[in-house]
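# A closer look at the structure
One letter stands for each residue in the lines below.
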Amino acid sequence: MTAPLIHPFTFGDRTQSDLLGGKGANLAEMVRIGLPVPPGFTITTQACREFLATGEMPAGLNLEIENSLKVLEGSLGKVFGDPLKPLLVSVRSGAKFSMPGMMETVLNVGMTPEVAAALAVQTGNSRFAWDSYRRFIDMYGRTVCGISPEEFHRVEARILGLHGAQSIQELDVAGLQALADGYIREMEAITAKPFPSDPHEHLIQSVEAVFRSWNSERAQIYRRRERIPSDLGTAVNIQSMVFGNLSEDSGTGVAFTRDPATGSTGSYGDYLERAQGEDVVAGIRNTMSLAQFAEKAPEVAAELDRVMAILEDHYRDLCDIEFTVEKGKLWILQTRVGKRTAEAAFRIATQLVDEGKISMDEALLRTSGDQLAQLMFPQFDLSTSVKEIARGIAASPGAAVGEVVFDSRRAFDLARSGKKVILVRRETSPDDLVGMVASEGILTSRGGKTSHAAVVARGMGKTAVCGTEGISVDERANLFTAGSLTVYEGETISIDGSTGAVYAGVVQVVASPVTSYLEGRLAASSDSASPLVKAVDRILTYADEIRTLRVRTNADTPEDAIRARILGAEGVGLCRTEHMFLGPRRSYVERLVLAENEDVQRGVIAEMEPLQRADFVGIMMAMSGLPVTVRLLDPPLHEFLPPLSELSAQMARAEALGEEIPARDQAIFAAVKRHHESNPMLGLRGVRLGILIPDLYKMQVRALVHAYLEVRKLGHNPMPEVMIPLVATQRELLYLRETLEEEIRKTFVGTGQSLDIPIGTMIETPRAAITADRLGHYADFFSFGTNDLTQLTWAFSRDDVESSFLPRYLDLELLPFSPFESLDQAGVGILVRTATQLARSLRPDFKLGVCGEHGGDPRSIHFFHDLGLDYVSCSPFRVPVARLESGRAKILKSATGSSTV
């Protein structure tokens, strides 16, 4: 017997989101605990997956819908499509993971002209009846028939003009009827089909439209950003309607059990009188606060407070609640664990610990490294002269500066060209997602903290200011006004999502309080430390106490090493010595490679040695008592030599003009031609350079030993390690190891000191990974260079693919994410796992680390923790992120056996 594709709300609980979707599972949970939920049923995610696979409704689903509808009719004493006892329903999406505003909803399904006329008589409220009909036609046209908002806006403008109204809310009954008829005529003209009159057909087509919306452009963009799998599908919730637009004592709202922007305690939300649920989220009309709602309807507000307390205690977390009041009766339409800003995440987590609702383990799991990184972003410096032009609702914190753009698609195009933009709209809709993702921040003149713009911006960590009533946005003219000031597209503004302020021009930024704390300039225990700083300190300290994965840094200068140590680094996992010869020192590597003979080479190397020694002294002093892993020179030659194409053009031009070419220029051109490589990343670099120019690596270890002796003399405890890059065979490694050990021994002669400096290798070629047991005989440690390992495994040139086909691959979901941003665990990860197992088969305590950019990526850190690596190494800025994620990985693995996220 096949499993049913539909379940009533009385079935299941919140643990069954795989089957019922997040919304359906939470509806079932609320019914189970006795809250006032309008009855209905859920079409499972399995039904959606079958529909998406075939393009047709699964066999038997239509019959299940009809049978479930009959059960619903019987429980309510109403009949779907019957004017005398009409049952109206909403059709809403509900995926396993919350995707607010990304998929479709159709309200008032079952509404027909006959039902509207009967409802007008039954309720004594003709405007309510025909407004509900108009809403259904509007949503059906957009969602099912694919009519664009612009096409319906033209209809609205014509009808409003004919009836002398400024907005739909001002239309009388005749105007609402005319508007609905106008929508229908527009649909029929565009689709070349008559508008269906059967409400059962409306219902089935609405369900299909919600299924299809899983693969809408905005849903795909959101899933890619949030790394939600594309094969989950969405459930569909069919729920009996309750009407917030029925009477003066009716309305609809969204409530949070704590402030989702700041984490402050106390209920928070918006309420809109005589409205339906989509009005609040759309931000079409400005709302009243819950405090104002309590003054207007104290009994209903008290009941809402009771329900909010029940839900937060039950879920032990911030809850986001959608509710409707119908003639003074409260109904809860849905709840979910609320989206929140990074600041709110840290503050709420520690609050719930103090209230005894969760443990510190749970608090740590409810924050993330990505959120911590957001909190480290700069804030506006208001000590300078700034011009505030408006102030709205602080919807999503942050400081954003950019050129004003009024069209979402144009914002996307400009951002791709490298410009920083601020998307300005009256209100956003789900269709604006592409521009919201691309923009630095979002500014709207309408809506509140629960509007679409606010909810989506908070979920993405984007700065947003909403409900800015002091500005008037003219999207057709590409301008907005703030009092007497007019701001045109292309002009620069600055918006502060923490205060709601909007400034003309560029406002300079300063370090955030969290960064000041992390860098040691602000003590968490001081009176000036904010609740946020105290919360971050508490959670990060706990992560440090429990984690087993150490965190080092990638540092090429003493300044980087000092900064990283302050940020909590436990050593240097990668000191890229070739980076010490960029900028003004670039000519040393150029001269080394282009040297005419070995004597010239040795002369250049001699000049490089004191520079290397000074750098090593500074870094080891900054990291006294902690390991410093020095990677020997690995310069891709194209980064240091003049481009051959440029030199060829210069030579050809000189020859054409009959100009004399200096001997030096001819020598450089000949040398560059000699060393030119079609693919420099696979050419003369790393270990190969050290073998062809052995004096180079000898010089580096001599400089390191001399630096060690100098730092020791100054009373510090240097702990150097040497790492050989791009090794592929054990013979390469053995050859260089013996050479370097001999040079180290000779350098210590006569000093009265000695040190067994560990010598290891990077694992960054696939061959090295699969022969790690052979390399392990000649290495004291391995460090996975995951950047090159990814390039060589995928046959990708990072510099090329990220600007060519990779964005298209991501758009088509051929790749779920860039393998350079997060480790490809199914491919590159297998090589890392293989090398780990082979190395540990030689020595159970074989030291293993990661020094690619993946060392600071939260998802990758969990994978490395699961493998049992000893440390990750990342840029200084990412060190706090890695510390936090290492703690989270420890908890997750202890609880589930795997920390992979």
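Since we're looking at a predicted model, the values are computed, not measured. (Residues numbered from 1 in each chain as written. Predicted model: local features only at pLDDT ≥ 70, side-chain atom pairs only at ≥ 80, totals over all residues. Heavy atoms only, no water.)

## A word on the overall build of the protein
Heads up, the rule is: Segments assigned H or I by DSSP are reported as helices when at least four residues long, segments assigned E as strands when at least two residues long, and all are numbered from the N terminus. Two things to know: the radius of gyration comes from C-alpha atoms, and the globule rule equals 2.2 Å times the number of residues to the power 0.38. Here, Shrake-Rupley sampling with a 1.4 Å probe gives the accessible areas, and only protein chains in the shown set may cover a residue. Here Asp and Glu are counted as negative and Lys and Arg as positive; His is not counted, and neither are the chain ends. For the purpose of locating charges, the reference atoms are NZ of Lys, CZ of Arg, CG of Asp and CD of Glu.
Per the secondary structure count, the protein includes 36 helices and 33 strands. For 901 residues, the compact-globule estimate of 2.2 N^0.38 gives 29 Å, and the protein sits close to it at 32 Å. Taken along its principal axes, the extent of the C-alpha atoms in the protein is 105 × 70 × 60 Å. Of the roughly 36,100 Å² of accessible surface on the protein, a fraction of 51% belongs to carbon and sulfur atoms. The distance from the centre of the 94 positive side-chain charges to the centre of the 116 negative ones in the protein is 3 Å.

## Remarks on the pattern of salt bridges
Threshold: When a carboxyl oxygen of Asp or Glu is within 4 Å of a side-chain nitrogen of Lys or Arg, the pair counts as a salt bridge.
Per the counting criterion, the structure on display carries 57 salt bridges. Across the pair Asp870 and Arg840 runs a salt bridge, and its minimum N-O distance is 3.1 Å. Of this pair, Asp870 sits in the loop between helix 35 (858–867) and strand 33 (871–874) while Arg840 sits in helix 34 (residues 828–842); the two residues are 30 residues apart in sequence, bridging distant segments of the chain. Put simply, Asp131, Arg134, Arg135, Asp138, Arg142 and Glu156 are held in one network by salt bridges that share partners.

## With respect to the pairing of strand 20 (residues 471–474)
Definition in use: Throughout this description, buried means an accessible area under 20% of the type-specific maximum (1.4 Å probe, protein chains only), exposed means over 50%, and partly exposed covers the range between. Only strands that DSSP links by at least two bridges are regarded as paired with each other.
Here strand 20 shows a clear split, with Ile471 and Val473 buried on one side and none of Ser472 and Asp474 buried on the other. Two strands pair when backbone bridges link them, and strand 20 and strand 21 (residues 479–482) are joined in this way by 4 bridges, in the antiparallel orientation. Bridge pairing in strand 21 places Ile471 opposite Ala482. In sequence, strand 20 turns back onto strand 21 through a hairpin of 4 residues, with Asn478 there showing a positive phi of about 55°.

## Things to note about the side chain of Glu312
Under the convention used in this document: By the criterion applied in these results, polar contacts are pairs of N or O atoms within 3.5 Å in which, for protein atoms, one can donate a hydrogen and the other can accept it, and in which residues neighboring in sequence qualify only through two side-chain atoms. Any pair of residues with heavy atoms lying within 4.5 Å of one another is described as a contacting pair.
Relative to the helices and strands, Glu312 resides in helix 12 (residues 298–315). A polar side-chain atom of Glu312 sits 2.6 Å from a polar atom in the side chain of Thr257. Residues contacting Glu312, with those up to four places away along its chain left out, are Thr257, Arg258, Asp317, Leu318, Cys319 and Lys357.

## A look at unusual backbone geometry
Among all residues except glycine, the phi angle is most often negative; among peptide bonds, the trans geometry is most common. Phi at Arg316 takes a positive value of approximately 55°, unusual for a residue other than glycine. Assignment of secondary structure puts Arg316 in the loop between helix 12 and strand 11 (319–326). The residue Ala795 is not glycine, and still its phi comes out positive at about 60°. Checked against the element boundaries, Ala795 lands in the loop between helix 31 (786–794) and helix 32 (798–801).

## Considerations on helix 28 (residues 730–748)
Just so we agree on the cut-off: Here, expected helix span is obtained from the residue count minus one, scaled by 1.5 Å. Think of it as the arc spanned by the lines of direction from the helix axis to the C-beta atoms.
In a regular helix each residue adds 1.5 Å, so 19 residues correspond to 27 Å; helix 28 covers 27 Å between its end C-alpha atoms and thus fits that length. Every buried residue belonging to helix 28 is among Glu732, Leu733, Leu736, Arg737, Leu740, Glu743, Ile744, Thr747 and Phe748, and all of these are buried. The buried residues of helix 28 occupy an angular sector of 135° when projected down its axis, which confines them to one face. Of the surrounding elements, those touching the buried residues of helix 28 are helix 26 (687–692), helix 27 (694–713), strand 29 (719–724), strand 30 (759–763) and helix 30 (772–775).

## Looking at the nonpolar core
Let me state the cut-off plainly: Working definition of a nonpolar core: buried Ala, Val, Leu, Ile, Met, Phe, Trp, Tyr and Cys residues. They are joined through side-chain atoms within 4.5 Å.
Counting residues in hydrophobic clusters, the biggest one holds 116 residues, and the most contacted among them are Phe346, Leu696, Ile724 and Phe782. Examining the composition of this core, we find that 11 residues originate from one element, helix 27, more than from any other. Leaving out residues up to four positions away in the same chain, Ile724 has contacts with Leu632, Val687, Leu733, Leu736, Arg737, Leu740, Ile759, Gly760, Thr761 and Met762.

## Some thoughts on the sheet that holds strand 14 (residues 388–391)
Our working rule: The axes are straight lines fitted to the C-alpha atoms, using for helices just the contacting stretch, and the angles between their N-to-C directions are given from 0 to 180°.
Here we have 8 strands laid out as an open sheet, ordered 14-24-23-16-17-18-19-15, and mixed in their pairing. With partners counted over all chains shown, the strands left at the sheet margins are strand 14 and strand 15 (393–396), one partner each. Going from strand to strand, the sheet's axes swing by 30° on average, the running direction of each strand aside. Pairing of strand 16 (residues 399–405) with strand 17 (residues 421–425) involves 3 bridges; the strand directions are parallel. Each bridged residue has a counterpart across the sheet, and for Glu403 the counterpart in strand 17 is Val421. Against the sheet, helix 16 (residues 408–416) touches strand 16 and strand 17, its axis set at about 180° to strand 17.

## Section: the side chain of Glu743
Inspection of the secondary structure assignment puts Glu743 in helix 28. When residues no more than four places from it in sequence are discounted, the contact partners of Glu743 are Lys698, Val701 and Arg702.

## Structural notes on the packing of aromatic side chains
Ring pairs (aromatic) are described by centroid distance and by the angle formed between their planes. As a reminder of what qualifies: We call Phe, Tyr and Trp rings a pair once their centres come within 6.5 Å, taking the six-membered ring for Trp, and we label the pair stacked below 30 degrees between planes, edge-to-face above 60, and tilted otherwise.
Going through the model one piece at a time under the given rule, you end up with 19 aromatic pairs. Relative to Phe748, the ring of Tyr708 lies with its centre 6.0 Å away and its plane at 80°, an arrangement referred to as edge-to-face. Of this pair, Tyr708 sits in helix 27 while Phe748 sits in helix 28, and the two are 40 residues apart along the sequence. For the pair Tyr708 and Phe748, one class covers both residues: buried.

## Regarding the pairing of strand 19 (residues 463–466)
Every second residue of strand 19 is oriented toward a common face, with Thr463 and Val465 on one face and Ala464 and Cys466 on the other, all of them buried. With 3 bridges joining them, strand 15 and strand 19 adopt antiparallel strand pairing. The residue bridging Ile393 from the neighbouring strand is Cys466, located in strand 19. Pairing analysis gives 3 bridges linking strand 18 (residues 441–444) to strand 19, with the strands arranged parallel. The residue of strand 19 that forms the bridge with Gly441 is Thr463.

## Details of the sheet that holds strand 22 (residues 485–488)
If you trace the 3 strands from one edge of the open sheet to the other, you get 20-21-22, paired in antiparallel fashion. Of all the strands in the sheet, just strand 20 and strand 22 have a single pairing partner and so form its edges. With strand direction ignored, the average angle separating the axes of adjacent strands in the sheet is 20°.

## Some points on helix 34
Think of an α-helix as turning once every 3.6 residues; residues three or four places apart then point the same way. Under the 1.5 Å per step criterion, the end-to-end length of helix 34 is 22 Å for 15 residues, consistent within 8% with the ideal 21 Å. Every buried residue belonging to helix 34 is among Val828, Gly829, Leu831, Val832, Ala835, Thr836 and Ala839, and all of these are buried. Across the axial projection of helix 34, the buried residues extend over an arc of 160°, all falling on one side. Of the exposed residues in helix 34, those oriented more than 90 degrees away from the buried face are Gln837 and Ser841.

## What to know about the environment of Gly175
Inspection of the secondary structure puts Gly175 in helix 7 (residues 173–191). Through-space distance from the C-alpha of Gly175 to that of Ile546 is 66 Å; in sequence the pair is 371 residues apart.

## A look at a nonpolar patch on the surface
Filter applied, for reference: Candidates for patches are residues over 30% relative accessible area with no salt bridge; among them, like charges are joined within 9 Å and nonpolar side chains (Val, Leu, Ile, Met, Phe, Trp, Tyr) within 5 Å.
A cluster of nonpolar side chains, contributed by Phe805, Tyr809, Leu812 and Leu814, occupies part of the molecular surface with about 350 Å² of accessible area. Among the secondary structure elements, Tyr809 is positioned in helix 33 (residues 806–811).

## As for the packing of helix 2 (residues 45–54) against helix 8 (residues 199–213)
Basically, it comes down to this: Put simply, angles under 35 degrees are roughly parallel, angles over 145 are roughly antiparallel, angles from 65 to 115 are roughly perpendicular, and the rest are oblique. Classification convention: Asp, Glu, Lys, Arg as charged; Ala, Val, Leu, Ile, Met, Phe, Trp, Tyr, Cys, Pro as nonpolar; all other residues, Gly among them, as polar.
Packing of helix 2 against helix 8 brings their axes to within 10 Å, and their N-to-C directions diverge by 80°. The angle between helix 2 and helix 8 falls in the class roughly perpendicular. Two secondary-structure elements touch here, helix 2 through Ala47, Cys48, Phe51 and Leu52 and helix 8 through Glu208, Phe211 and Arg212. When the residues that make up the contact of helix 2 with helix 8 are grouped by side-chain class, the tally is 5 nonpolar, no polar and 2 charged.

## Observations regarding the state of the cysteines
This is how it is decided: By disulfide we mean two sulfur atoms from cysteines, separated by a distance within 2.5 Å.
With the rule as written, the count across this model stands at 0 disulfides. Just so you know, Cys575 is unpaired, no disulfide at all, and the nearest cysteine sulfur is the one on Cys851, 11 Å from it.

## Looking at the environment of Lys534
With respect to the secondary-structure elements, Lys534 resides in helix 20 (residues 531–546). By relative accessible area, Lys534 is classed as partly exposed at 36%. Distance from Lys534 to Phe864, taken between C-alpha atoms, is 29 Å for residues 330 residues apart in sequence. With residues up to four places along the chain from it excluded, the contact list for Lys534 reads Ala524, Ser525, Ser526 and Ala529. Among the polar contacts made by the side chain of Lys534, one reaches the main-chain carbonyl oxygen of Ala524 at a distance of 3.0 Å.

By themselves, these observations are geometric and do not establish any function.
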